[in-house]
Amino acid sequence: MSLKAGIVGLPNVGKSTLFNAITNSHVEAANYPFATIKPNTGIVTVPDERVDFLTKLFEPKRTIFATFEFYDIAGLVKGASQGEGLGNQFLSHIRECDAIVEVVRCFDNPEIIHVENTIDPKRDIEIINLELVMADLDTVNKRYAKIATKARVAKDKEAIKEAEIDEILIAALQQGVPARAIDNLSDDQRDFVIKNYFLLTMKPIIYVANVSEDDYANPDANKYYQVVKAIAANEKAEAIPVSCQIEAELSELSSIEKHEYLASLGAKESGLDKVVKASYRLLNLSTFFTVGKDEVRAWTFLNGMSAPNCAGIIHTDFERGFIKAEVYSYGDIHELGSEMAVKEAGKLRIEGKEYRMKDGDIVFFRFNV
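Everything quoted here is computed from the prediction, not taken from an experiment.

1. Regarding the environment of E102
Phase 1 of the analysis: Its place among the elements puts E102 in strand β5 (residues 99–106).
Phase 2 of the analysis: Using a relative accessible area of 1% as the deciding quantity, one classes E102 as buried.
Phase 3 of the analysis: Sequence spacing of E102 and V153 is 51 residues, and the spatial spacing of their C-alpha atoms is 43 Å.
Phase 4 of the analysis: Residues within four places of E102 in sequence aside, it is in contact with V8, D124, I125, I128, N129, I205, I206, Y207 and V208.

2. Observations concerning the confidence of the model for the protein
Phase 1 of the analysis: Of all residues in the protein, 91% have pLDDT values of 70 or greater, and the mean over the chain is 87.
Phase 2 of the analysis: Counting interchain partners and residues more than four positions distant, the pLDDT-below-50 stretch residues 30–37 has 21 contacts.

3. Here we look at the packing of helix α1 (residues 15–23) against helix α10 (residues 271–282)
Each pair of packed helices can be summarised by the angle the axes make with each other and by the distance between the axes.
Phase 1 of the analysis: Packing of α1 against α10 leaves a shortest axis separation of 10 Å and a crossing angle of 85 degrees. Taken together, the axes of α1 and α10 are roughly perpendicular relative to one another. Seen from α1, the contacting residues are L18, A21 and I22; seen from α10, they are L272, V275 and V276.
Phase 2 of the analysis: For the contact of α1 with α10, the per-class residue count stands at six nonpolar, no polar and no charged.

4. Some points on the environment of P110
Phase 1 of the analysis: With respect to the secondary-structure elements, P110 resides in the loop between β5 and α4 (121–152).
Phase 2 of the analysis: The class of P110 is exposed, set by a relative accessible area of 85%.
Phase 3 of the analysis: In sequence terms P110 and I147 are 37 residues apart; their C-alpha atoms lie 51 Å from each other.

5. A word on helix α6 (residues 187–196)
Phase 1 of the analysis: Buried residues of α6: Q189, R190 and V193, and no others. Across the axial projection of α6, the buried residues extend over an arc of 100 degrees, all falling on one side. More than 90 degrees from the buried face of α6, the exposed residues found are D187, D188 and K195.
Phase 2 of the analysis: Turning to α6, the residues buried within the fold contact α5 (157–174).
Phase 3 of the analysis: Residue F198 follows α6 closely and has a positive phi angle near 55 degrees.

So, how was this worked out
- Residues numbered from 1 in each chain as written.
- Predicted model: local features only at pLDDT ≥ 70, side-chain atom pairs only at ≥ 80, totals over all residues.
- Heavy atoms only, no water.
- Helix = DSSP H or I, 4+ residues; strand = E, 2+ residues; numbered from the N terminus.
- Buried < 20%, exposed > 50% of the residue type's maximum accessible area, 1.4 Å probe, protein only.
- Contact = heavy atoms within 4.5 Å.
- pLDDT = per-residue confidence, 0-100.
- Axes fitted to C-alpha atoms, helices over the stretch in contact; angles between N-to-C directions.
- Parallel < 35°, antiparallel > 145°, perpendicular 65-115°, else oblique.
- Nonpolar A, V, L, I, M, F, W, Y, C, P; charged D, E, K, R; others polar.
- Arc of directions from axis to C-beta.

Written out as structure tokens, the structure is:
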């Protein structure tokens, strides 16, 4: 599955520094607005200790982790929804993403310019969210203009249903409420919006609070982070404290050096690992594995997918000719120590077309085309 998260925020909040660290690539990170005009993209692996264990156990010729694609999108400014600061281009790039990672500046440094001249996470979040809301309001108003007459005059049932949805959306967006937070849409109406409207504020969001190096070990002491965390909690979103500068330094180290550095900071995993894992959870994703001497591989699937659907992620022929799936859990092989022991313990199951895959399933698909 191709998965994309867009990194957004005001200019000079640490977006490109975060992107450099998360992909260990080197896009321009300059101390002025719009240093990033075209969205830079990078593929990152999803950290998973289960893959490490399976690799040691099976000693394959190659190991492939699940991956996630991040877009570094240039800084938004006030008026972006009206085209200010190349805003229309940037908003279109966000529209292509599955999720939004919003970087918020939570550190003081007079040497780094802030486009609004002061540090105020609440204001910065409101600026970004307002521009996304206004862009969505424009989208919905245009749809409503086309459908309203048909609903009112022709009494078309489908048009009436859509007009009702549009009216709910317009009322909420005019109040600055993002589409994801609207609570008076039914499940069917929400599904219709997701499938047909492609609204920016319907996308799930993670707030990344970019704290100073001094606050890395104890971000809760940072007053700005507390503001971001409160806003995220109110939106039922997630806030993750990250020092983009430290993450950039970590990305230059070897695996051993990275662990030693994190240990010296009193951390078990980097902020970036937390962001990647949170992005994965945000999109309701899980992982199944295929294993063997040739390859150990992690595959990403949407929770609720059937065994044939997951087989199709590997190859369309697997889904088309699906016969059965031989499945056991990662927990069983981790506990018992080998695939043979799993089989001898009767933990290997034969599943059919109705089986819903679970996170951590290790599977061999049988098919015939």
